[in-house]
Amino acid sequence: MRKKQGIALVTALVLMMVLVAVIAILSVDTLSEIRQNKNNLVNSRARNVAEAGATYAGYVLDTQLFSELKPIIDGYATSFVVGGNDPTTDYVIPQDAWDSVALQIKDALNTNFSALPSSQLAGVGDASLSYDIRNFRIASMPTAGGGGQFQTYTAEYRVVATGTSGNNQRRIQEEGFLTIKVGRASLSQWLFLVEDAGGDRGFFPTGSVFDGPVHANSNWGFWGAPVFKGRITASDGGAWFWDIFNSCHDGLGVKEFLNAGSRPPCTEPVFEKGYDWNAPRVELPTNALSQERAALGLDPTEDNNGDGVPDPITNADRCAVLGISPCAGSNPIPDGVYLINDGSRVTGGIYIQGDVDELYIAAGGDGTQTYRITQAGRTWTIVVDYNTDTTQVTDPLGNVTNLLGVPNGPAPLGTGGPTGQIYVNGNVDALRAPSRTGPVPTDSPDHPPPATIPPALSLETQLNVTAVGGIGLFTDLVYECDPTQMTNSSYLATHPRCASASGPLRTVLGVFSETDDITIRVGAVDDIYLWGSYLSAATGKGLAVENYNTRGPQGKMRLFGGLIQWEDQLRGVIGAGGNVASGYLETFEYDRRFENSRLTPPNFPTTRVFQLADVGVTRLTYKEY
């Protein structure tokens, strides 16, 4: 019996030893797995942090690179003036500066975007970034005789994102190349640009709002608290500060020219992003494009003598394009409307000789665009159908001509291709869109515009209206699709054609008077909506309001796009309490698509000076290690 008990005890001890050994082995395996899992977790975190850094680097290249490049590229480009230089043979950025430019780009990126801090990574690690730019070189130059719109440069890039979590690191490397486009800047890149802001004669009052790039070479004037949401600049050292009721400027009088930093009582402009007085002048340059050439289907930049100004057009040129024979006398072109074509296909824009009583533009809402031109009792109707790529012209006698192609979009340089250009060799008494279908409340939002305002421009239309003389406005001028609503799902649900648009919205309008004012006439609608870029650059001219001081109060002039003018015109009168007594109170809202000339109305005037126009990023390889 004792023997059996002894055997049982030994067996139990052996089993206990085996169990302890198994537990020990399991414990070792478990600890190893824990350590391995922990290492995997930390390694995974390091990889995730590296991926976050790579994503940030992509954001930098896509959205911040342009701003970093601009002062570097413009440092060379703005000294390259067409006329003194030939962009078809001379590099905007000299060859001996290419290595320096690559190094400057590299240093700017590594200085300003070298890390994604742990505060943005939920505290799980840090991401550092290293950029390399190399082999900066020319990619393309414009052809001779084309006037030289753009030069394109390219460079290779590499960015390494290093993610650190604990003691672990992972890296992600991306390589590709940059495409850097340098060209003449469009004046449409400004929300408000003026030679003389007219501040000694009038002012921007409380209720005026500017939300984009604003510059005056001289003579700003303020009353109350106008709001400047973007940076405001001027080339003189101060501004006129007004007290129109002479009630609180402590003896300064109705107006005083003071240092720009002054804030006398009653007049305290709101400069949300600061101001820059004594800034360099921004010249309103000699037009570096010929809108007449564009309308005729000719190269708008043709400059055979290299002086930076398009070659003049002779009567022989006009007669040849318009089919006028014989081409005799000092004024051989009969008054009328000419859609440039070769007999079967549209090859240019719309050319109008003589004054126009009414130029009516209307979007059909179905992929069509209508232009109706009335001149001395005669009417031409041009219907553009983008769906079928055809254009129909009905002349004053009722004769109908059907043509292939449409007069829309920028003219390919040197090709004489279709162009969204209407050129009037005379005045336009009335530029109109369809009348409102109902009332517009005074408190209507700027975007989207009320449904009672029919659109002037179809989704597909890119248009520049240029007149040698003055242009009169009576109606709203808006687009079929609101550029500010293209990511608004509820808006797109009720605007199916806008929802079907592929890529960035390209609808755009330019209105340009070569020698006179653009004028909002007596009889124009209250609270007028004007979309597009408006230019009146002749000395003393601008956007005017006819009889601004006697026509009665008409609410707001809601400009969405830009205004470029030589001299700011008086457009309204402020009464007691700061309300509009006559004319309009203005709000200026920037169309962000115009920023840095990334979108411009076709053939819109440009400067003779080059600047950075666009940057493209092409990604080639992506690896983790």
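These notes cover the structure that comes with them. (Residues numbered from 1 in each chain as written. Predicted model: local features only at pLDDT ≥ 70, side-chain atom pairs only at ≥ 80, totals over all residues. Heavy atoms only, no water.)

1. What to know about helix H4 (residues 315-322)
Part 1 of the reasoning: Three or more residues of H4 are buried, namely Arg 318, Cys 319 and Leu 322. Viewed end-on, H4 has its buried residues packed into an arc of 95 degrees, placing them on one side of the element. Exposed and oriented more than 90 degrees from the buried face of H4 are Ala 316 and Ala 320.
Part 2 of the reasoning: Looking at the packing, one finds that the buried side of H4 touches helix H3 (291-295), strand S15 (336-341) and strand S16 (346-353). (Buried < 20%, exposed > 50% of the residue type's maximum accessible area, 1.4 Å probe, protein only. Helix = DSSP H or I, 4+ residues; strand = E, 2+ residues; numbered from the N terminus. Arc of directions from axis to C-beta. Contact = heavy atoms within 4.5 Å.)

2. A few points about the packing of aromatic side chains
The relative placement of two aromatic rings is captured by the distance of their centres and the angle of their planes.
Part 1 of the reasoning: Evaluation of the coordinates by the stated rule reveals 29 aromatic pairs.
Part 2 of the reasoning: Feature note: the residues Phe 192, Phe 204, Phe 210, Trp 220, Phe 222, Phe 228, Phe 241, Phe 271, Tyr 275, Trp 277 and Phe 588 constitute an aromatic cluster, connected by ring pairs.
Part 3 of the reasoning: One cation-aromatic arrangement involves Lys 255 over Trp 240; the distance from NZ or CZ to the ring centre is 5.5 Å.
Part 4 of the reasoning: Lying across the ring of Phe 474, Arg 432 places its NZ or CZ 4.3 Å from the centre. (Phe/Tyr/Trp six-rings, centres within 6.5 Å; stacked < 30°, edge-to-face > 60°. Lys NZ or Arg CZ within 6 Å of the ring centre and 35° of its normal.)

3. Section: the nonpolar core
Part 1 of the reasoning: Formed by 74 residues in total, the largest nonpolar core has its most connected members in Phe 192, Trp 220, Leu 477 and Tyr 534.
Part 2 of the reasoning: With 5 residues, the single largest contributor to this core is strand S28 (residues 528-536).
Part 3 of the reasoning: If we skip the residues at most four places from it in the chain, Tyr 534 touches Leu 473, Leu 477, Leu 509, Val 511, Ile 518, Leu 559, Gly 562, Leu 563 and Ile 564.
Part 4 of the reasoning: Judged by nonpolar contacts, the second largest core, of 43 residues, contains Ala 50, Leu 65, Trp 98 and Leu 109. (Core = buried A, V, L, I, M, F, W, Y, C linked by side-chain atoms within 4.5 Å.)

4. Section: the state of the cysteines
Part 1 of the reasoning: Counting across every chain of the model gives 2 disulfides.
Part 2 of the reasoning: Linked covalently through their sulfurs, Cys 319 and Cys 327 form a disulfide whose S-S length is 2.1 Å. Taking the sign of the S-S torsion, 70 degrees for the link of Cys 319 and Cys 327, the bridge is right-handed.
Part 3 of the reasoning: The class for Cys 319 is buried, based on a relative accessible area of 5%. (Disulfide = S-S within 2.5 Å.)

5. Describing the pattern of salt bridges
Part 1 of the reasoning: Counted under the stated rule, the structure contains 28 salt bridges.
Part 2 of the reasoning: The partner of Arg 201 in a salt bridge is Asp 200, with the nearest N and O atoms 2.9 Å apart.
Part 3 of the reasoning: In this structure Arg 201 comes out as partly exposed when scored by relative accessible area, which is 37%.
Part 4 of the reasoning: On the basis of relative accessibility, which here comes to 28%, the residue Asp 200 falls in the partly exposed class.
Part 5 of the reasoning: In this structure, the salt-bridge partner of Glu 460 is Arg 497, at a minimum N-O distance of 3.1 Å. Linking Glu 460 in the loop between strand S23 (428-432) and strand S24 (462-467) with Arg 497 in helix H6 (residues 496-499), this pair joins segments that are 37 residues apart in sequence.
Part 6 of the reasoning: Where salt bridges share partners, they join Lys 106, Asp 132, Arg 134, Arg 137, Glu 156, Arg 158 and Glu 175 into one cluster. (Salt bridge = Lys/Arg side-chain N within 4 Å of Asp/Glu carboxyl O.)

6. Describing the environment of Asn 427
Part 1 of the reasoning: Summarising the element assignment, Asn 427 is placed in the loop between strand S22 (421-425) and S23.
Part 2 of the reasoning: Once the C-alpha coordinates of Asn 427 and Asp 357 are considered, the two residues, 70 residues apart in sequence, prove to be 8.3 Å apart.
Part 3 of the reasoning: Residue contacts for Asn 427: discarding those within four places in its chain leaves Asp 355, Val 356, Gly 469 and Gly 470.
Part 4 of the reasoning: A distance of 2.8 Å separates a polar atom in the side chain of Asn 427 from the backbone nitrogen of Gly 470. (Polar contact = N/O pair within 3.5 Å; in protein donor to acceptor, adjacent residues only side chain to side chain.)

7. Remarks on the sheet that holds strand S21 (residues 400-404)
Part 1 of the reasoning: Pairing is mixed in the open sheet, where 9 strands are placed in the order S21-S20-S19-S18-S17-S23-S25-S27-S29. Across the chains shown, the open sheet's two edge strands, defined by having one partner strand only, are S21 and strand S29 (543-545). Going across the sheet, the axis of each strand differs from the next one's by a mean of 20 degrees, ignoring polarity.
Part 2 of the reasoning: In this sheet, strand S20 (residues 390-394) lies alongside strand S19 (residues 378-385) in antiparallel orientation, the contact comprising 5 bridges. (Pairing = 2+ DSSP bridges. Axes fitted to C-alpha atoms, helices over the stretch in contact; angles between N-to-C directions.)

8. Details of the environment of Leu 322
Part 1 of the reasoning: In this fold, Leu 322 is placed in helix H4.
Part 2 of the reasoning: Exposure remark for Leu 322: the relative accessible area of 14% places this residue in the buried category.
Part 3 of the reasoning: Between the C-alpha atom of Leu 322 and that of Ile 340, which follows or precedes it by 18 residues, the distance is 7.1 Å.

9. A few points about the sheet that holds strand S11 (residues 238-242)
Part 1 of the reasoning: With respect to topology, 3 strands assemble into an open sheet ordered S8-S11-S12, the strand pairing being mixed. The sheet terminates laterally at strand S8 (221-222) and strand S12 (255-259), the two strands that pair on one side only.
Part 2 of the reasoning: By the bridge criterion, 5 bridges tie S11 to S12 in an arrangement that is antiparallel. Opposite Phe 241, over in S12, you have Glu 256 as the bridge partner.

10. Observations concerning the pairing of S23
Part 1 of the reasoning: With 2 bridges connecting them, strand S17 (residues 358-363) and S23 associate as parallel partners. Looking at S23, one finds that Tyr 360 is bridged to Arg 432.
Part 2 of the reasoning: Relative to strand S25 (residues 471-473), S23 is paired through 2 bridges, and the arrangement is parallel. Looking across to S25, one finds that Val 428 is bridged to Ile 471.

11. Digging into unusual backbone geometry
When glycine is set aside, most residues are seen to have a negative phi, and most peptide bonds are trans.
Part 1 of the reasoning: With an omega of 0 degrees, the peptide bond between Ser 325 and Pro 326 qualifies as cis.
Part 2 of the reasoning: Inspection of the secondary structure puts Pro 326 in the loop between H4 and S15.
Part 3 of the reasoning: The amide bond that connects His 447 to the next residue, Pro 448, takes the cis arrangement and shows omega of -15 degrees.
Part 4 of the reasoning: You can see Pro 448 is positioned in the loop between S23 and S24.
Part 5 of the reasoning: A positive phi angle, near 55 degrees, is found at Asp 389, a position not held by glycine.

12. Some remarks on the environment of Gly 409
Part 1 of the reasoning: Along the chain, Gly 409 falls in the loop between S21 and S22.
Part 2 of the reasoning: The buried category is assigned to Gly 409, whose relative accessible area is 5%.
Part 3 of the reasoning: Contacts of Gly 409, omitting those with residues within four sequence positions, involve Pro 418, Thr 419, Gly 420, Gln 462 and Pro 602.

13. What to know about a negative patch on the surface
Part 1 of the reasoning: A cluster of acidic residues, Asp 335, Asp 355, Asp 357 and Asp 429, forms a negative patch on the protein surface.
Part 2 of the reasoning: Along the chain, Asp 429 turns up in strand S23.
Part 3 of the reasoning: Judged by its relative accessible area of 38%, Asp 429 falls in the partly exposed class. (Patch = residues over 30% accessible without salt bridge, like charges linked within 9 Å, V, L, I, M, F, W, Y side chains within 5 Å. Areas by Shrake-Rupley, 256 points an atom, 1.4 Å probe, with all protein chains shown as cover. Lys, Arg positive; Asp, Glu negative; His and termini not counted. Charge placed at Lys NZ, Arg CZ, Asp CG, Glu CD.)

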